[in-house]
Amino acid sequence: MRQITNFEPPQLNLVADVGDPNDFDERRFINLSLLSNTAVQLKDKVPRGPHVKEAISYPRAFTGKDIVSTIHNIICRELSRETGTTPTDRRAAILVARSLQNSLFFMEVEWGSKQLQDSVEDVYMFLDDTEGSSETPIEVTELPTGVVTVLAKCYSPCCDIGLPGSCYAYDCPRKVGLSQLPSIVEAPVRVNREDWSRKVPQKILASLSQNEVMRQTIIRKIIAKEEQYIEDLDLIIEIFINGLRVAQPPVMTPLILEEFIEEVFGNIHDIRDCSHRLLDFLNVRQREEHPIIQRVGDIFLEAATEFRNVYPTYVGHHPLAEKRMKQEIEQNPEFRIFLEKCTRQLCARPGTSSSMRPDLKLYLNRPAEHLQRYPLLLDAVYNETEPDNPDCEYLTAAMKAIQALQDVARLRTFQSAMGKGTTGRWQWHDLVGEDLTKSLGHDEFQRQSNIFELIQTEMIYVRDLENIETMYVRPLRNAEPPIIPPDRLDQFLQDVFHNYEELHSHHRRLVNKLHELQREQHPEIKSVTAAIFDAVLNFREAYMEYIPNYPIAEYRIEDEIGQNEAFKAFFNNTIRHPDAHRLDMKNFINRPIPRLLRYELLLKQILSLTTPYHEDRDDIPAVIEAIKSLGRETEPGVASAKQKVELWRYNSNLVFKAGEHVDMDLLNDQRSLIYTGKLLRQPESGLEWNGWTELFVMLFDNYLVMTKPTEKDGGTKYKVVRRPVPLDLLTPVNFSDSGIQRNTSILRSLRTQNQNGSEQRERSDSASISSRNQETNDSRTVYPCTIHHNGRLGGPYILYAETAAIRADWKRKLDEAIGLRKVVQESNKVFEIESLSVDTFLSPPVNTGPNASAWHDGTFFTGKVTCSVPFNTPDGRGLVAIGCAEGVWIGYRHDSRSLRRVLHLRMVTQCAVLDDFGLFIVLSDKVLYAYHLEALVPTIPGSTNASQTPQRIHSKDVQFFSVGVLHGRTMIIYMKKRGNNDSVFYAVEPVVDKINEPPKASASLFPRKNRADWFRLYKEFTFADAYDLIFLKAKIAVLCAKGFMIMDLMDYRSVTIPQRDHSGHPYLAKRCESSRPLGMFRPSEDEFLLCYDEFGLFVDRHGNSSRSTGIIEWEGTADRVAMHAPYILLFDTRFIEIRQVETGRLVQIIPGTDIRCVWDGRTLDGGAAVVPHGGTEDRMIQEPRVHAVMNLPEPPIHAGIRNVRGAVQHVFELFPTIPLYLPGSLASPSTAPYFPLSFSPPRSPPLRAHHI
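Residues numbered from 1 in each chain as written. Predicted model: local features only at pLDDT ≥ 70, side-chain atom pairs only at ≥ 80, totals over all residues. Heavy atoms only, no water.

### Concerning the sheet that holds strand β32 (residues 1077-1084)
As summarised here, the arrangement of the four strands in space is β32-β33-β34-β35, forming an open sheet in which the pairing is antiparallel. Since the sheet does not close on itself, it has two edges, and those belong to β32 and β35 (1112-1113), each with one partner. As defined by bridge partners, β32 adjoins strand β33 (residues 1087-1092) across five bridges and the pair is classed as antiparallel. Its bridge partner being in β33, Met1080 is matched across the sheet by Leu1090. (Pairing = 2+ DSSP bridges. Helix = DSSP H or I, 4+ residues; strand = E, 2+ residues; numbered from the N terminus.)

### Considerations on the environment of Thr385
For Thr385, the location among the structural elements is in the loop between α15 (366-383) and α16 (391-417). What makes Thr385 buried here is its relative accessible area of 9%. With 10 residues separating them along the chain, Thr385 and Leu395 place their C-alpha atoms 9.6 Å apart. Those residues within four positions of Thr385 in sequence are excluded, and the remaining contacts are Arg215, Cys392 and Leu395. A polar side-chain atom of Thr385 sits 2.6 Å from the main-chain carbonyl oxygen of Val381. (Buried < 20%, exposed > 50% of the residue type's maximum accessible area, 1.4 Å probe, protein only. Contact = heavy atoms within 4.5 Å. Polar contact = N/O pair within 3.5 Å; in protein donor to acceptor, adjacent residues only side chain to side chain.)

### Notes on the side chain of Gln216
Note on placement: Gln216 falls in helix α8 (residues 210-246). For Gln216, a relative accessible area of 0% puts it in the buried group. A polar contact is formed between the side chain of Gln216 and the side chain of Arg220, at a distance of 2.4 Å. Apart from the residues within four sequence positions on either side, Gln216 is in contact with Trp196, Pro291, Ile292 and Ile293.

### Things to note about the sheet that holds strand β31 (residues 1054-1057)
Spatially, the four strands line up as an open sheet ordered β28-β29-β30-β31, and their pairing is antiparallel. What marks the edges here is a single partner per strand, and that holds for β28 (1026-1031) and β31. Neighbour to neighbour, the strand axes of the sheet diverge by 25° on average, direction disregarded. (Axes fitted to C-alpha atoms, helices over the stretch in contact; angles between N-to-C directions.)

### Quick look at the packing of helix α23 (residues 550-563) against helix α24 (residues 565-575)
Each pair of packed helices can be summarised by the angle the axes make with each other and by the distance between the axes. Relative orientation of the contacting elements α23 and α24 amounts to 120°, with a least axis distance of 6 Å. Here α24 runs oblique to α23, going by the angle between their axes. The crossing of α23 and α24 is left-handed. Between α23 and α24, the contacting residues are Ile557, Glu560, Ile561 and Gln563 on the first element and Glu565, Phe567, Lys568 and Phe571 on the second. Among the residues making up the contact of α23 with α24, the classes are represented as four nonpolar, one polar and three charged. (Parallel < 35°, antiparallel > 145°, perpendicular 65-115°, else oblique. Left-handed = near helix turned anticlockwise from the far one by under 90°. Nonpolar A, V, L, I, M, F, W, Y, C, P; charged D, E, K, R; others polar.)

### Considering the pattern of salt bridges
What the rule picks out here adds up to 68 salt bridges. A salt bridge links Arg1145 to Asp663, with the shortest nitrogen-to-oxygen separation between them at 2.9 Å. In this pair, Arg1145 is assigned in the loop between β38 (1135-1140) and β39 (1146-1151) and Asp663 in the loop between β5 (654-655) and β6 (673-681), connecting sequence segments 482 residues apart. Take Arg1145 and Asp663: they sit in the same class, and that class is buried. (Salt bridge = Lys/Arg side-chain N within 4 Å of Asp/Glu carboxyl O.)

### Some points on the packing of aromatic side chains
Here the structure, examined in full by the defined rule, presents 36 aromatic pairs. We note Arg410 situated over the ring of Trp426; from NZ or CZ to the ring centre the distance is 4.5 Å. (Phe/Tyr/Trp six-rings, centres within 6.5 Å; stacked < 30°, edge-to-face > 60°. Lys NZ or Arg CZ within 6 Å of the ring centre and 35° of its normal.)

### What to know about the packing of helix α20 (residues 486-497) against α23
In contact at an axis separation of 8 Å, α20 and α23 are set at 135° when each is read in the N-to-C sense. Put simply, α20 runs oblique to α23. Mapping the contact onto sequence places Arg488, Phe492, Asp495 and Val496 in α20 and Ala553, Arg556, Ile557 and Glu560 in α23. Within the contact of α20 with α23, the residues separate by chemical class into four nonpolar, no polar and four charged.

### As for the nonpolar core
Note that soluble globular proteins tend to have their nonpolar side chains buried in a common cluster. Counting residues in hydrophobic clusters, the biggest one holds 71 residues, and the most contacted among them are Leu476, Phe497, Phe567 and Met585. Counting residues per element, this core draws most heavily on helix α19 (residues 442-478), which supplies 13 residues. In contact with Phe497, not counting residues within four places along its chain, are Ile468, Tyr472, Val473, Tyr546, Met585 and Ile589. Residues Ile219, Leu279, Ile293 and Ala368 belong to the second largest nonpolar core, which totals 60 residues. (Core = buried A, V, L, I, M, F, W, Y, C linked by side-chain atoms within 4.5 Å.)

### What to know about the state of the cysteines
According to the stated counting rule, one finds zero disulfides in the structure shown. Of the cysteine sulfurs around Cys867, a residue in no disulfide, the closest is that of Cys911, at 3.5 Å. Since its relative accessible area comes to 3%, Cys867 is described here as buried. (Disulfide = S-S within 2.5 Å.)

### Let's talk about the environment of Arg681
Among the secondary structure elements, Arg681 is positioned in strand β6. Sequence separation between Arg681 and Thr693 is 12 residues; the distance between their C-alpha atoms is 5.1 Å. Ignoring anything within four residues of it in the chain, the contact list for Arg681 reads Trp692, Thr693, Leu695, Val721, Arg722 and Leu799.

### Observations concerning α20
Along its 12 residues, α20 runs 17 Å from first to last C-alpha, staying within 8% of the 16 Å computed at 1.5 Å per residue. Within α20 the residues assigned to the buried category are Arg488, Leu489, Phe492, Leu493, Asp495, Val496 and Phe497. Down the axis of α20, the buried set is contained in an arc of 170°. They therefore lie on one face. Looking at the buried side of α20, the elements it contacts are α19, α21 (500-521), α22 (529-546), α23, α24 and α25 (585-590). (Expected span 1.5 Å × (residues − 1). Arc of directions from axis to C-beta.)

Shown next as structure tokens:
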């Protein structure tokens, strides 16, 4: 048996060394349920060493704790391999160890009969384990036998599969583990320490001095107190921690429970383990030096080193643990009930004092209390120790180490407080001893205090950043009902708090570094410059983004307070939050800005107190310069943001008169405020100077706005006194006239000049010059500024500046803004002009008489161009037909030279193409014709099917026609006048068979023209004073004097829109009656835009006004309106006005002379009335849908050809373009790919209902 036990086959090591792939782990064949297998493993693995008991040293011995720990490790390893679990319960190991003890596998060195305990009190040895050479005979020990049922494997064959839940056995170890073990209640091995002297021989006791007897008594008391302390720690773990985990019903959810245990109990397990080890060392020392313990100081000195890793963390976190526990008690009634049950359970334990009520708070304070007792107990031992005892030095060192440990714990307490509470307000001198403060010089004392202040204020700053989350962000997200509408909440949080989380992460890392420096160097910190410098370099980009956003954030808060009563209440309530210190939200989001300045101030103070040769003398100036540089680099962004916010404030405070609201797109990210200032307006009646009006004029990059400021509700409102002038239509006229006296009316000024004319002429030149200088310097002298608004409601405006310098500034800013506007519009225009014809169509000058030479010099005047239409031939050629007073021309698009007159007709006013039928429809001299396209533009040589003779659809008084598809029918609806007011409409549809029928020879000299040949009448109806007709999806819209008549051709039912009796817009009826309807468009499913010649109006399906802003005034007087989704184009004779169809916002002005629309984009798909799919700015149809004509300023001059007299008409199409923007996003400085240092503020406010 001895040979088997000690046999170690060498070939196994050899195989292992070469890495044989067939090698196997012999532990796979160990069966822990067999006591003999466990015995062999125990003998191989239990640690052996010399142990002393009763002054006798036993080599190769081990304690009961060593046995239990070894067996427990063996069990854990095997169960982890087999079941994937690692038990922490040591009961199984104790049962196996006691079975081996009963089998006499090992013995107690004094042959005691006590049952084995999981402690270091008793020392054991194997019977055959003695030191000596291999030849020394040793006694053979028989291996114990038996079965450990709790460690037996499951009998189920499917249990080995390893699938969870696959075993059907009720007591399967995979399911129940070691829960079936019997309960082992062990009373701690405690000796009556107070009666130690009774067990000491009288001879030895008599030889001891009284001090030594007292010393031994104190040492025994220390051991007893440590045992009691460990019992209390065990109670915390067993009753509170484990009790929380197994409580039924659960006190908290599992996720919250583990977080709560971590926050409240911290590293209590580590503290218990340290105390266990300390007690083990004390018990071993007591056993080895019984009956007189010579030394304990070395044990406590060693323990102090280990305590440094656990006690400061626990004690420092203790205030936060108490706070967390208090919050849970207040908020969780289940937790209160649980604590009450635990308290009753503790009170029922034997030995509990009836006067003391043990609770969790008392037990959580035990580690800090016990740590404070160590120096007192050791000092008592030291006072009773003889001076020549070597333990004195150990005791002194241990007391200093533990006292220093308490200082570190106080430092941890300060750090954990993060500037809050009494401990958070501790100063540097509160954490260091008085001896140290006296030993330092004044400058170094102040320097350490300033370093401490820097760390302390950094902690407070980080806590304030954390309070942003707890006080504002989280409550706003979780509010029920929502404080801010969910669709705006994320954007609001982004705009207000921006990247505060990024700032917090940077400064949290800085605080951790500073805390680490404190723990390493406390109480005297050499330098914090490196940590600050590293942080400045890291958080630079975060501050570059955050600081320019502050004006935006402040504006968002103020705007939300003014618009949202719920947010206003929330804003005021948070001021009363305990962590707010009576400060509001704006103070918290402003904290990062003064923090940078505070760094500079504190570092300068530290530098002034630093010794000449200290490294900080060179390092601190570099840090200060980096912080200053950061501040300088954020200034442009802050200025830009302030300007943007100022623009937004003006936008929200502008007040328009009823029905005169103008959407100037001031919330666009690209908008900028160029200039603002005060100008004067002279009273129109010529009254005295006190009748002058003081205006506040705003010059944006797209509009000039004249307002009159008024104070209202504690703020300033700006009433718009004149319609805002688009810079595209603004012309500076005169800024050079001499100043006038504003205290004299114009009439009086002229009269005074006439009466005193002779007197003024008699003055000398020098006196005249002196008088003029005096007049110029008079404070009542004002300087006229004349501008011209080229729109319908514009005209000349004369404003007055108070000084010549102010006038010069306005002139310079106006020129700058107009020039910038031209550049921006040229780069971002939505339509460009593409020529269809430049020199084909000429009209005679206006003053040309019937006998003028221009009619006889060979010049061919085509007259005014009136219509056009693009079309494609069957062979794929893209052509355009252009009608004028002298006929119809057809040619290739964009090739003016290819145009040829194909129809010699007079006074052509309209034309259209029916592609599916191959027909060309033309209205000439109020006669409506239909032509075969093949006859006009042959595509098949020699084709005889196309009749050269046109069909007269109607031969008299046709005013206009419209083509479209309704209910699957292609129709032509034309109107003719009957009487003075009646408009008779005829709806006809083409007949395919008749159209494609070959022409027949007629025997009659004058063939009869019958409308029924190619077309047949479908419907006939009458309206009064109709101007136009538009095809809708299922109905038609007739534009007449009453407005827009929506009619169903199936039953002739009609309804008139808009509803003019709208209570919110009393002026609507009058405006509609005095204006002419031009077009009707559908920007969305539930809304229509009705276009009149002077304004536009959004209405719903029922014809009621759908926008609170009322009507949209056009800049010009429109003759026609067209649409190229998502834009509408309004044609004034002076310019083309392009607006967004969804908002009515002005986006482009195309100037010209005698501009007319000749094709408005109407096709058979009804595109003139409905926004086509994809008609957005991002998905805009790229084919031209609108044609127009304008007169060129001068006729083109060709080499060798004399100038043509008359007006050259430029026919063109409006080609959509892709707007050009600067590369990168202007929404955020941090996301710009090309310009990372962009100083544009984040974004404009979201549009609200009243902005639309």
